[in-house]
Amino acid sequence: HDDYRIALYYAYIELTPSEIQSHMNIQKQICDELNLKGRIRISKEGVNGVLSGELISLQKYEELISKNIQQIIVINNNSNNKSTIIALDVKYCQLRKELPIQDQLFDRLLIKETKTVISLFDQSFEKKKESKKDRYRHEKKSIEIKSSPPYLDLQSLHNAVMEESLKPARHLSANEWNKKLDEAGLSSSSNSNSSSALLLDVRNVYEMRVGHFVHPTTPTLLTNTRKYSDLPQLIASNKEIKEREQIFMYCTGGVRCERVSMLVRELYPDKQIYQLRGGIQKYIQTFKNENNSTTSTNSYFAGKNFVFDPRRTDPIHFGETIGRCLVCDLPHDDYDNGHAPSENKEARCNKCRMLVLICNDCRPKYRCHNEKEKE
Ligand SMILES: [Zn+2]
Ligand SMILES: [Zn+2]
């Protein structure tokens with residue numbers, strides 16, 4: 001297991017249409033040579049990738065891709081004679097020891113040209129209107145903006161956040177993050193009972209259900225959103241966010257916070273906004289105890305980090321089980337009930353296909369999406 005890794009990274013770098021094409025070809029060539037599989041999104045504003053393979057191959061990949069991106073930057077900035085050093089900051093994640101290696105590797109390589117590195121808004125707000133693909137048949141209408149006026153103009157919000165070049169909030173390392181959180185708790189306790197800070201989880205509900213930040217003095221807002229593009233409306237209307245002065249936002253690997261921090265600043269220009277550098281993944285790797293990965297005196301992250309690769313969750317696990325069985329409410333945080341995620345035995349809602357936590361005792365009593373009626 002230790003020879004293999006899942007690698008994730010993103011880089012914001014402006015690319016012309018021809019650079020996108022040549023970079024896609026180079027990515028394909030390098031991945032094929034090194035036998036790496038996974039997903040790579042390439043757009044005019046940057047690259048976002050998750051790959052599986054041997055550690056030495058992934059390290060070679062990082063070296064080659066960094067060089068290539070460096071060349072593009074040098075060419076683009078030639079007239080100004082500026083050269084920025086690009087750090088891909090690839091996060092190398094370990095496989096789960098209890099599952100076979102082959103079940104945790106991607107089985108194909110998908111290199112795709114996209115409009116953005118990651119889009120915080122529904123496709124319908126893009127300049128070229130595309131047909132809206134709605135995956136959910138019974139979308140909850142709970143996130144209506146009742147607090148308006150002022151009326152929330154999502155189109156202008158989209159333009160201010162997505163059409164502008166990236167200006168994220170201050171990135172905090174794992175240690176800076178802890179220090180700032182502790183300070184926020186101390187400074188507010190002398191004045192009032194409640195902290196002026198708020199931890200903001202910008203991930204989806206099924207991700208935060210198996211693990212999230214728990215700090216003794218600063219509360220965590222679990223947005224319980226179904227998808228990333230539900231966030232603009234929620235952030236614009238949420239009372240907790242409106243009231244707090246400092247916002248500490250985090251996501252899996254950091255990329256989702258890049259645009260959400262711009263969104264929060266656009267809506268609340270006076271707030272102090274911080275984002276976790278490298279996301280939960282970098283954080284848990286910083287505080288991981290080599291001997292026992294389930295305990296850490298320094299980690300405010302509790303539970304598991306949900307990931308969008310064949311592992312479903314990262315093997316590092318802090319504290320007690322955060323998740324609860326949807327049926328009996330007992331601690332449970334394995335969507336796959338002991339199976340490898342690649343076996344497709346995970347529990348999903350019959351109607352909307354969302355991942356749901358159902359414990360091993362309750363599981364045989366319920367029929368989940370795509371399962372045949374039990375006799
Ligand atoms: Zn149960
Ligand atoms: Zn449902």
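Conventions adopted
Residues numbered from 1 in each chain as written. Chains lettered and ligands numbered in written order. Predicted model: local features only at pLDDT ≥ 70, side-chain atom pairs only at ≥ 80, totals over all residues. Heavy atoms only, no water. Helix = DSSP H or I, 4+ residues; strand = E, 2+ residues; numbered from the N terminus. Buried < 20%, exposed > 50% of the residue type's maximum accessible area, 1.4 Å probe, protein only. Contact = heavy atoms within 4.5 Å. Areas by Shrake-Rupley, 256 points an atom, 1.4 Å probe, with all protein chains shown as cover. Arc of directions from axis to C-beta. Polar contact = N/O pair within 3.5 Å; in protein donor to acceptor, adjacent residues only side chain to side chain. Salt bridge = Lys/Arg side-chain N within 4 Å of Asp/Glu carboxyl O. Pairing = 2+ DSSP bridges. Axes fitted to C-alpha atoms, helices over the stretch in contact; angles between N-to-C directions. Patch = residues over 30% accessible without salt bridge, like charges linked within 9 Å, V, L, I, M, F, W, Y side chains within 5 Å. Core = buried A, V, L, I, M, F, W, Y, C linked by side-chain atoms within 4.5 Å. 1 Å grid on protein atoms, 1.4 Å probe; cavity = no way out; pocket = protein on both sides within 12 Å on 5 of 7 lines; lining within 4 Å. Points joined across faces, edges and corners; volume = space filled by probe spheres on them. Nonpolar A, V, L, I, M, F, W, Y, C, P; charged D, E, K, R; others polar.

Asker: Break down the overall build of the chain for me, with residues and values.
Answerer: Of the regular secondary structure elements, the chain holds nine helices and 13 strands. Here the chain holds 375 residues, and the buried ones make up 51% of them. Restricting to contacts in the chain with at least 6 residues of sequence separation, those with at least 24 account for 71%. Carbon and sulfur atoms form 48% of the exposed surface of the chain, whose accessible area is close to 19,200 Å².

Asker: I'd like a description of helix α3 (residues 154-162), backed by residues and values.
Answerer: Taken residue by residue, α3 has Leu154, Leu157, His158, Val161 and Met162 as its buried positions. All buried residues of α3 fall inside an arc of 105° around its axis, so they share one side. Those residues of α3 that are buried are in contact with α6 (231-237) and α8 (255-267). Where α3 begins, the capping side chain belongs to aspartate 153, and its oxygen is found 3.1 Å from the backbone nitrogen of glutamine 155.

Asker: Got a sec to walk through the pattern of salt bridges? Specific residues and values, please.
Answerer: One pass over the structure, following the stated rule, counts 20 salt bridges. Note that arginine 5 is salt-bridged to aspartate 2, the shortest N-O span being 3.9 Å. Here aspartate 32 ties to lysine 28 by a salt bridge, and the two come within 2.5 Å at their closest N and O atoms. Placement of both aspartate 32 and lysine 28 in helix α1 (residues 17-34) is noted, with a separation of four residues, approximately one turn of the helix. Among the charged side chains, a salt-bridge network with shared partners connects Arg312, Asp336, Glu346 and Arg348.

Asker: A description of the sheet that holds strand β2 (residues 37-43) should follow, citing residues and the corresponding values.
Answerer: The five strands lie next to each other as β4-β1-β3-β2-β5, forming an open sheet whose pairing is mixed. The sheet terminates laterally at β4 (91-93) and β5 (109-113), the two strands that pair on one side only. Adjacent strand axes in the sheet meet at a mean angle of 15° when their direction is disregarded. Bridging between β2 and β5 involves five bridges; their strand directions are parallel. Its bridge partner lying in β5, arginine 41 is registered against lysine 112. Where α1 meets the sheet, its contacts fall on β1 (4-12), β2, β3 (46-54) and β5, and the angle it forms with β5 comes to roughly 175°.

Asker: Residue-level account of a nonpolar patch on the surface, with values.
Answerer: Side chains of Leu326, Val327 and Tyr366 sit close together on the surface and give an oily, nonpolar patch of about 280 Å² of accessible area. Within the fold, leucine 326 resides in the segment after β13 (313-318).

Asker: Account for the nonpolar core, naming residues and giving values.
Answerer: Among the nonpolar cores identified, the biggest contains 33 residues, and Leu120, Phe121, Leu200, Ile235, Ile241, Met249 and Val260 are the most heavily contacted of them. Listed by contribution, the elements that provide at least two residues to this core are α3, β7 (197-201), α6, β10 (246-250) and α8. The greatest single-element share of this core, amounting to six residues, is contributed by α8. Not counting chain neighbours up to four residues away, the residues in contact with methionine 249 comprise Trp177, Leu200, Val202, Cys257, Val260, Ser261, Val264, Ile273, Tyr274, Gln275 and Leu276.

Asker: Got a sec to walk through unusual backbone geometry? Specific residues and values, please.
Answerer: With phi around 55°, asparagine 35 is a residue other than glycine that occupies positive phi space. Relative to the helices and strands, asparagine 35 resides in the loop between α1 and β2. With a phi close to 70°, aspartate 329 is a non-glycine residue in the positive phi region.

Asker: An account of empty space enclosed by the protein is needed here, citing residue identities and associated values.
Answerer: Enumeration according to the criterion identifies one cavity of 30 Å³ or more in this entry. Size it by volume and the largest cavity reaches roughly 30 Å³. Surrounding the largest cavity, Arg96, Lys304, Arg312, Thr313, Asp333, Asp334, Tyr335 and Asp336 form its lining. In terms of residue class, the lining of the largest cavity is made up of one nonpolar, one polar and six charged.

By themselves, these are just geometric observations and shouldn't be taken as functional.
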